[in-house]
Amino acid sequence: MRVLALDTCLDACSVAIWQDGVITAREWRPMQRGHAEALLPMMEDIRARAGLDYADFDRLAVSIGPGSFAGVRVGLAAARGICVARGLPLVGVNTLELLAAAIADEGPVGVAIDARNDQVYLQCFLRGDALCPPGLLTHSQAAAVICETGAALHLVGSGAALLVGLCPANIRTSHLDLLPDAALLAALAATRDAGPGSAIAPLYLRAPDAKLPASAS
Amino acid sequence: MSARPLTILGIETSCDETAAAVVRGHPDGVREILSDLVLSQFDAHRPYGGVVPEIAARAHIMSLDGMIAAAIDQAGCGWQGLDGVAATAGPGLIGGVMVGLVTGKAIAAARNIPLIGVNHLEGHALSMRLVQPVAFPYLLLLVSGGHCQLLEVRGVGDYARLGGSLDDAAGEAFDKTAKLLGLGFPGGPAVELAAKGGNAARFALPRPMLGRAGCDFSFSGLKTAVRHMAAALPEMKDQDRADMAASFQAAVADVLVDRCRHAMAQFRDGHGALPEPVLVVAGGVAANQMLRGALAALCAQQGFTLAAPQLRLCTDNAAMIGWAGIERLALGLSDPLDISARARWPLDR
């Protein structure tokens, strides 16, 4: 199987090609902005290096958020565009799950992304399986969810430092600057069911910032 | 036009319409719209009384690939029949523009065809040439909900701005007036319909910029005057609405005609020898029959020919973006995959 994976959800832009268990080409760049400009040239670059045409892939993989709204859409627009133009199926993976894949722990792992406004995106996992759904939580709500998981939790991600003071003393933190990597995404996606690109939706977890006019509410 | 037909997929996502179209230009000058699909997000924005950028961007990403697949299907050309993909790269609501442009880049890469990043305003500016081969140079009045300007169209990618709105676009003024009079949304058709039974002479509304040098517009004062006059009425009856709509429309027409007259004089100064100068009117407001009538009278008086594309090509659509792509590609113009979406992008820069 050949998988082309891409991620633009957070402060990095990455693309990777996975062929039967091996990453044959990968490009990973930290960036806070500019994903919409960098993504396609990076993809063309690794595709040329791997000597593959778009028609040679069996599926695409994309991270669907949570993350920056615009970043989530850049990745999904690129993935859906390629899939519709080449008739390829798509796998969407939530960003928290993708970040958790970077941590090879036997015990529970909590992934927290700083969502600003005193909130984090949080989800907890045990050996890759979700212990709770992904959520947008206030810092104290997130600490409560972490307490509920009971056992000593390994907390990672940009939101971990914001929560550690609110959590029990047996919480361990590391990887505070953890960012997604399309290489891990490609490997994850190879094990999932792929479907039509148009069925893969963003996972924003946060409503648009729009207020109804007073007269309408 | 190039030596062979060019078939282009057009993508438009700069405001609240998700649109995809396939157009074809033949070397002999024949132009075909093979498919032309527009999905309005009107219902999603209605509760907010205007377009919410984040809601627009979210709606574009959910429906654009399906619209594109349907446009290719309806065109009957197949993916292998495409010579390029043209996507609006600005100006507009940046979140939506990014969705369309990145989708266009992905398709260009996946099909190994050129990408053309189109200025939405150039789409409007050249849309008349999709209908008939109007020769350069011509004068263009672009009037829509987001734009109001007078331009000299000298060639593809070659524009000189003669004037533009200093505040609101004309379409914006129609929308706000309709809202004020309780006529519903979108305001253009609502005001036009209400004005049919109205007395345009009843309310003395101002004609901002009338008689001033140059070709600039201003509509915010007119909008304010409508608000004050509406507030001064003890109660708003249907006839009051009709009279006010008619008075407002007449004021807009007078301003547009006056500004166009100035632009025509400037255009003649630059192109005196042109035997049959043309004024092209494009944008959603160009659908207004009363305004068209007023502009036709001006053209007859000034020796200009009035040309306006059909309504479907006046409002936002992807066929005009595809056509601008054909015009650019025929000249060998295409864009790299790292081009940026632009929220602001004046046509003459």
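Draft legend 1. Region of the structure containing the overall build of chain A. Counting its secondary structure elements, chain A contains six helices and eleven strands. Relative to its length of 217 residues, chain A is compact, with a C-alpha radius of gyration of 18 Å against a globular reference of 17 Å. Projected onto its principal axes, the C-alpha coordinates of chain A cover approximately 55 × 50 × 30 Å. Burial analysis of chain A (217 residues in total) assigns 53% to the buried set. Long-range pairs, those at least 24 residues apart, make up 61% of the contacts in chain A with a sequence separation of at least 6. Of the roughly 8,900 Å² that chain A leaves accessible, carbon and sulfur atoms contribute 51%. Computing the positive centroid from 16 side-chain charges and the negative centroid from 21, chain A places the two 4 Å apart.

Draft legend 2. Fine view of the domain arrangement of chain B. Residue and element names in this part refer to chain B. Each assigned domain of chain B is listed with its residue range as follows: domain 1 (6-131 + 315-330) and domain 2 (138-312). One C-alpha centre belongs to domain 1, the other to domain 2, and the line joining them spans 27 Å. Every contact between the two is made by 20 residues of domain 1 and, on the other side, 22 residues of domain 2. For the pair domain 1 and domain 2, the summed buried area comes to about 1,700 Å², and 63% of that belongs to carbon and sulfur atoms. On the domain 1 side of the contact with domain 2, Ala125, Met128 and Thr315 bury the most area, a combined 30% of that side's loss. Applying the counting rule to domain 1 against domain 2 returns one salt bridge. Linking domain 1 to domain 2 there are five residue pairs in polar contact (both at pLDDT 80 or more). Breaking the side of domain 1 that touches domain 2 down by element, the ones donating at least two residues are strand E3 (31-40), helix H4 (120-131) and helix H11 (319-330). The greatest single-element share of the side of domain 1 that touches domain 2, amounting to ten residues, is contributed by H4.

Draft legend 3. Layout of helix H7 (residues 220-232) of chain B. Residues and elements named next belong to chain B. An ideal rise of 1.5 Å per residue puts 18 Å on 13 residues; H7 measures up with 19 Å between its terminal C-alpha atoms. What H7 keeps buried is the set Leu222, Lys223, Ala225, Val226 and Ala230. One face of H7 carries all of its buried residues, which in axial projection span an arc of 160 degrees. Those residues of H7 that are exposed and angled more than 90 degrees off the buried face are His228, Ala231 and Ala232. The inward-facing, buried residues of H7 abut helix H5 (170-180) and helix H8 (238-270).

Draft legend 4. Molecular detail of the domain arrangement of chain A. Residue and element names in this part refer to chain A. Assigned domains within chain A: domain 1 (2-95 + 179-199) and domain 2 (104-174). Distance between the C-alpha centres of domain 1 and domain 2: 26 Å. Listed by partner, the interface residues are six residues for domain 1 and four residues for domain 2. When domain 1 packs against domain 2, close to 380 Å² is buried across both sides, 69% of that on carbon and sulfur atoms.

Draft legend 5. Looking closely at the sheet that holds strand E1 (residues 6-12) of chain B. Residues and elements named next belong to chain B. Across the sheet, which stays open at both edges, the five strands sit in the order E3-E2-E1-E4-E5 with mixed pairing between neighbours. Strand pairing shows two members of the sheet lacking a second neighbour, E3 and strand E5 (115-119), which therefore form its edges. Direction aside, the axes of adjacent strands within the sheet are offset by 20 degrees on average. Relative to strand E4 (residues 84-90), E1 runs parallel, the two being bridged by four bridges. Looking across to E4, one finds that Ile11 is bridged to Ala87. With respect to the sheet, helix H2 (residues 53-75) is in contact with E1, strand E2 (17-25) and E3, its orientation differing from that of E2 by roughly 25 degrees. The strands touched by H4 within the sheet are E1, E3, E4 and E5, with E5 carrying the most contacts at an inclination of about 95 degrees.

Draft legend 6. Expanded view of the interface of chain B and chain A. Across the boundary between the two partners, chain B contributes 29 residues, which contact 32 residues of chain A. It is Arg58, Ile61 and Asp65 of chain B in chain B that bury the most area against chain A; as a group they hold 23% of the surface buried on that side. The tally of links between chain B and chain A comes to two salt bridges. When the shortest N-O distance is used, the salt bridge between Asp65 of chain B and Arg80 of chain A registers 2.9 Å. Where chain B packs against chain A, one counts ten residue pairs in polar contact (both at pLDDT 80 or more). Mapped onto the side of chain B that touches chain A, the elements with two or more residues apiece are H2 and helix H3 (94-111) of chain B. Here the element with the most residues in the side of chain B that touches chain A is H3 of chain B; it accounts for eleven residues. Here the side of chain B that touches chain A is built from residues that sort into 19 nonpolar, four polar and six charged.

Draft legend 7. Representation of the pairing of E5 of chain B within the structure. All names here are of chain B. By the criterion of burial, E5 is predominantly enclosed, with five of the five residues buried. Alternating positions in E5 separate into two faces, Leu115, Gly117 and Asn119 on one and Ile116 and Val118 on the other, with burial throughout. Pairing analysis gives five bridges linking E4 to E5, with the strands arranged parallel. Across the sheet, Ala87 pairs through a bridge with Gly117, a residue of E5. One crossover worth recording links E4 to the parallel E5 by way of H3, and it is right-handed.

Analysis parameters
Residues numbered from 1 in each chain as written. Chains lettered and ligands numbered in written order. Predicted model: local features only at pLDDT ≥ 70, side-chain atom pairs only at ≥ 80, totals over all residues. Heavy atoms only, no water. Helix = DSSP H or I, 4+ residues; strand = E, 2+ residues; numbered from the N terminus. Rg over C-alpha atoms; globule rule 2.2 N^0.38 Å. Buried < 20%, exposed > 50% of the residue type's maximum accessible area, 1.4 Å probe, protein only. Contact = heavy atoms within 4.5 Å. Areas by Shrake-Rupley, 256 points an atom, 1.4 Å probe, with all protein chains shown as cover. Lys, Arg positive; Asp, Glu negative; His and termini not counted. Charge placed at Lys NZ, Arg CZ, Asp CG, Glu CD. Domains from an automatic or database assignment. Buried area = accessible area lost by both parts, 1.4 Å probe. Salt bridge = Lys/Arg side-chain N within 4 Å of Asp/Glu carboxyl O. Polar contact = N/O pair within 3.5 Å; in protein donor to acceptor, adjacent residues only side chain to side chain. Expected span 1.5 Å × (residues − 1). Arc of directions from axis to C-beta. Pairing = 2+ DSSP bridges. Axes fitted to C-alpha atoms, helices over the stretch in contact; angles between N-to-C directions. Nonpolar A, V, L, I, M, F, W, Y, C, P; charged D, E, K, R; others polar. Right-handed = clockwise from strand over helix to strand, strands pointing away.

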